[in-house]
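Geometric and topological summary
Each chain is listed here by its residues.
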Amino acid sequence: MSLALIVLAAGKGTRMRSADPKVLHKVAGVPMVIHALNAAAPLAPERRLVVVGHGGAAVRAQVQAHDASIEFVDQTEQLGTGHAVDQARAALADFDGDVAVLLGDTPFISPDTLSRIRDRRAEGSDLVVLGFEAADPGKYGRLVAQGDRLERIVEAKDATPEELAIRLCNSGVICADRALMFDLIAQLNDDNASGEYYLTDIIGLANDAGRTCSVVVCDEAETLGVNSRIDLAAADGIFQARARQAAMAAGVTLQAPDTVYFSYDTQLGQDVIVEPNVVFGLGVRVEDGVTIRAFSHLEGCHVAPGATVGPYARLRPGSTIGAGARVGNFVETKNADIAAGAKLNHLSYIGDAEVGAEANIGAGTITCNYDGVSKHRTEIGAGAFIGSNASLVAPVSVGAGAIVGAGSVVTRNVPDHALAVARADQKTLPDLARKLRERRLAMKAKK
Ligand code: UD1
Ligand code: CA
């Protein structure tokens, strides 16, 4: 059976107290709405629609940048979740199959849970709702069920005290055949405590029409709905806990797991060792046997097997660190290709550069890549030796096996195997230090 996904993302999210729409707030480096879309990816939905309203242009832009095949429908007035789904009616008029509704502020439903919902549909349940046992049911909608049969959903604001005592809650995910879903939505009214068209009212309507409705239950951690910054931090915490467990289970040593921050796409190979207080930004791939030492910050980079990074290193986007290379303390790389076995051990900035295999970059070496207008490249050949505190003024190249003297300001290319020294010549004046000191002491005594 084919599947169309509708992700609701039109709400303002007042409780976030933010200029940005709620669903663009990030968990593990990615907007929540994209987590919701990613969760459903393994089900291979034929169509994916996002309902946008508040901050719609920004939501569209970010979602489209993530995946250009996603469609959008506008909800100009936020009249409730049922009204939001109704906006997709025309777009899905010819769609033959199931519709699954997901909430853009509920980022962690697992693909496994979503496929259980589909299985339940295949077993003949007309309408399937994803529920969970809430530790604190609070404002969640309550599921009124008799055994396996779901009778209706009552929103907390409209519930009686007996209904409020129910702990089985609505996650917001609802799945039904497209035609049935939109038939039921057409019957909704806004006669309730919020004056909204509640999607959740379709369950009662389906029962009235003799349809079967059932609940698939998942873990509460999957259904955390983010309504405030406090929820956002809790959601990120849940993501981080899962990412750390998964990394360790896959053969990564985390010396102090709670201090390591992952992005949703962080990839760490086997026998990677991560020391305390490391941040993985977006787009990091670290291969087997790499050690990431304490307090390092990595984003948009690839680290090949056996390399060592840090402590206190910063790898910025476009950095590739070759096998066995060493990037030490207070070294920053950006858009830099560091070949196998190269050493950048201390206090350097290497940007828009290529560093050849086994090259040695002395402490304090800087690639001067920016002239105030444009960026320029620096090329350093294999086995080159750059003395400490050199400034390589790009565009410039240092050939294979060449040596650059410490403290040089290199502005012209250095051929292979050449020695370049570009600094003021040293003057040494015998005995002058002693004479100078004696003269100064004599002057002081006269005063
Ligand atoms: C909703 C459910 C509730 C469930 C809870 C789970 C309804 C009526 N209630 O409540 O049963 O327990 O989620 O987290 O469905 N949205 C729109 N347009 C609208 C209204 C909402 O796009 O007109 C979007 C929001 O942007 C948000 C999502 O729908 O992403 C949920 O809306 P929200 O107002 O947060 O619903 P809850 O009160 O949390
Ligand atoms: Ca919500």
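Residues numbered from 1 in each chain as written. Chains lettered and ligands numbered in written order. Predicted model: local features only at pLDDT ≥ 70, side-chain atom pairs only at ≥ 80, totals over all residues. Heavy atoms only, no water.

**Looking at the overall build of the protein**
Summing up its helical and strand segments, the protein has 10 helices and 35 strands in all. For the protein, the C-alpha radius of gyration of 30 Å lies well beyond 22 Å, the compact-globule estimate for 447 residues. Taken along the three principal axes of its C-alpha coordinates, the protein extends 105 × 55 × 40 Å. In the protein, buried positions account for 48% of the 447 residues. At a minimum sequence separation of 6, the contacts of the protein that also span at least 24 residues come to 44%. Accessible surface, the protein: about 20,700 Å² in total, of which carbon and sulfur atoms supply 51%. Of the charged side chains in the protein, 44 are positive and 53 negative; the average position of the first set lies 16 Å away from that of the second. (Helix = DSSP H or I, 4+ residues; strand = E, 2+ residues; numbered from the N terminus. Rg over C-alpha atoms; globule rule 2.2 N^0.38 Å. Buried < 20%, exposed > 50% of the residue type's maximum accessible area, 1.4 Å probe, protein only. Contact = heavy atoms within 4.5 Å. Areas by Shrake-Rupley, 256 points an atom, 1.4 Å probe, with all protein chains shown as cover. Lys, Arg positive; Asp, Glu negative; His and termini not counted. Charge placed at Lys NZ, Arg CZ, Asp CG, Glu CD.)

**Remarks on the site of ligand 1**
The immediate surroundings of ligand 1 are formed by 22 residues, with Gly11, Gln75, Thr81, Glu155 and Asn170 found nearest. Between an oxygen atom of ligand 1 and a side-chain N or O atom of Asp105, the distance comes to 3.3 Å. Protein coverage of the free-state accessible area of ligand 1, which is 760 Å², stands at 87%. Elements that contribute at least two residues to the shell around ligand 1 include exactly strand S1 (3-9), helix H3 (81-86) and strand S10 (168-177). (Near = heavy atom within 4 Å. Polar contact = N/O pair within 3.5 Å; in protein donor to acceptor, adjacent residues only side chain to side chain.)

**Section: the coordination of the calcium ion (ligand 2)**
Coordination of the calcium ion (ligand 2) by the protein comes from Asp105 (OD) and Asn227 (OD1), over a distance range of 2.5 to 2.8 Å. Taken together, the residues Asp105 in the loop between strand S6 (98-103) and helix H4 (111-122) and Asn227 in the loop between helix H8 (220-223) and helix H9 (229-249) connect sequence positions 122 residues apart. Owing to a relative accessible area of 21%, Asn227 belongs among the partly exposed residues under this scheme. (Donors = N, O, S within 2.8 Å, 3.2 Å for Na, K, Ca; no water.)

**Some remarks on the pattern of salt bridges**
Counted under the stated rule, the structure contains 19 salt bridges. The structure contains a network of salt bridges with shared partners spanning Asp98, Arg118 and Arg121. (Salt bridge = Lys/Arg side-chain N within 4 Å of Asp/Glu carboxyl O.)

**Focus: the packing of aromatic side chains**
The way to describe two aromatic rings as a pair is by their centre distance and the angle between their planes. Within this structure, the stated rule accounts for five aromatic pairs. When the centroid spacing of 4.9 Å and the interplanar angle of 90 degrees are considered together, the rings of Phe132 and Tyr140 count as edge-to-face. Residue Phe132 is classed as buried on the basis of its relative accessible area, which comes to 0%. Of the residues examined, Tyr140 reaches a relative accessible area of 23% and is grouped as partly exposed. Among the aromatic residues, ring-to-ring pairing joins Phe295, Tyr312 and Phe330 into one connected group. Above the ring of Tyr370, the side-chain terminus of Lys375 is found at 5.3 Å from the ring centroid. (Phe/Tyr/Trp six-rings, centres within 6.5 Å; stacked < 30°, edge-to-face > 60°. Lys NZ or Arg CZ within 6 Å of the ring centre and 35° of its normal.)

**Here we look at the pairing of strand S25 (residues 343-346)**
Relative to S25, strand S23 (residues 326-329) runs parallel, the two being bridged by three bridges. Paired with Asn329 across the strands is His346, a residue of S25. When S25 meets strand S27 (residues 360-361), the two strands line up parallel, connected through two bridges. Directly across from Lys343, in S27, lies its bridge partner Asn360. (Pairing = 2+ DSSP bridges.)

**Describing helix H1 (residues 32-40)**
Within H1, eight of the nine residues are buried, which leaves it mostly tucked inside the rest of the structure. Considered for burial, the residues of H1 that qualify are Met32, Val33, Ile34, His35, Ala36, Leu37, Ala39 and Ala40.

**Observations concerning unusual backbone geometry**
A cis geometry characterises the amide bond from Gly310 onward to Pro311, with omega recorded as 0 degrees. In the segment running from Ala394 into Pro395, the intervening peptide bond is cis, with an omega of 0 degrees. Positionally, Pro395 belongs in the loop between strand S31 (391-393) and strand S32 (396-398). Positive phi, close to 55 degrees, is recorded for Ala28, a residue that is not glycine. Inspection of the secondary structure puts Ala28 in the loop between strand S2 (26-27) and strand S3 (30-31). For Ala28, a relative accessible area of 0% corresponds to the buried category. Positive phi, close to 60 degrees, is recorded for Tyr312, a residue that is not glycine. Of the residues examined, Tyr312 reaches a relative accessible area of 40% and is grouped as partly exposed.

**Quick word on the packing of H1 against helix H2 (residues 56-66)**
Their axes nearest at 10 Å, the elements H1 and H2 cross at an angle of 40 degrees. Relative to H2, H1 is oriented oblique. Handedness of the H1/H2 crossing: right-handed. Counting all contacts with H1, which are made through Val33, Ile34, Leu37 and Asn38, the residues of H2 involved are Gln62, Val63 and His66. Its residues assigned to classes, the contact of H1 with H2 shows four nonpolar, three polar and no charged. (Axes fitted to C-alpha atoms, helices over the stretch in contact; angles between N-to-C directions. Parallel < 35°, antiparallel > 145°, perpendicular 65-115°, else oblique. Left-handed = near helix turned anticlockwise from the far one by under 90°. Nonpolar A, V, L, I, M, F, W, Y, C, P; charged D, E, K, R; others polar.)

**Examining helix H10 (residues 432-446)**
Helix length check: H10 (15 residues) gives 22 Å between terminal C-alpha atoms against 21 Å at 1.5 Å per residue, within 8%. Counted residue by residue, H10 has zero buried out of 15 residues, so it is predominantly exposed. (Expected span 1.5 Å × (residues − 1).)

**Digging into the nonpolar core**
Within soluble globular proteins, side chains that are nonpolar tend to cluster in buried spots. Core analysis: the largest hydrophobic core is formed by 57 residues, its most contacted members being Phe262, Val274, Phe280, Val286, Leu298, Val303 and Ile338. Listing elements by their share of this core, those giving two or more residues are H9, strand S16 (284-286), strand S19 (301-303), strand S24 (332-338), strand S26 (349-355) and S32. The dominant element in this core, judged by the number of residues it contributes, is H9, at five residues. Beyond its immediate stretch of four places on either side in the chain, Phe280 contacts Val260, Tyr261, Phe262, Ser263, Thr266, Leu268, Val274, Val286, Ile292 and Leu298. (Core = buried A, V, L, I, M, F, W, Y, C linked by side-chain atoms within 4.5 Å.)

**Some thoughts on a nonpolar patch on the surface**
Together, Phe295, Tyr312, Phe330 and Leu347 make up a nonpolar patch on the protein surface, roughly 420 Å² of accessible area in all. Position of Phe295 relative to the elements: it lies in the loop between strand S17 (291-292) and strand S18 (297-298). (Patch = residues over 30% accessible without salt bridge, like charges linked within 9 Å, V, L, I, M, F, W, Y side chains within 5 Å.)

**A closer look at the sheet that holds S25**
In spatial order, the strands read S12-S14-S17-S20-S23-S25-S27-S30-S33-S35; together these 10 strands make up an open sheet with parallel pairing. Single-partner strands in this sheet number two, and they are strand S12 (253-254) and strand S35 (419-420).

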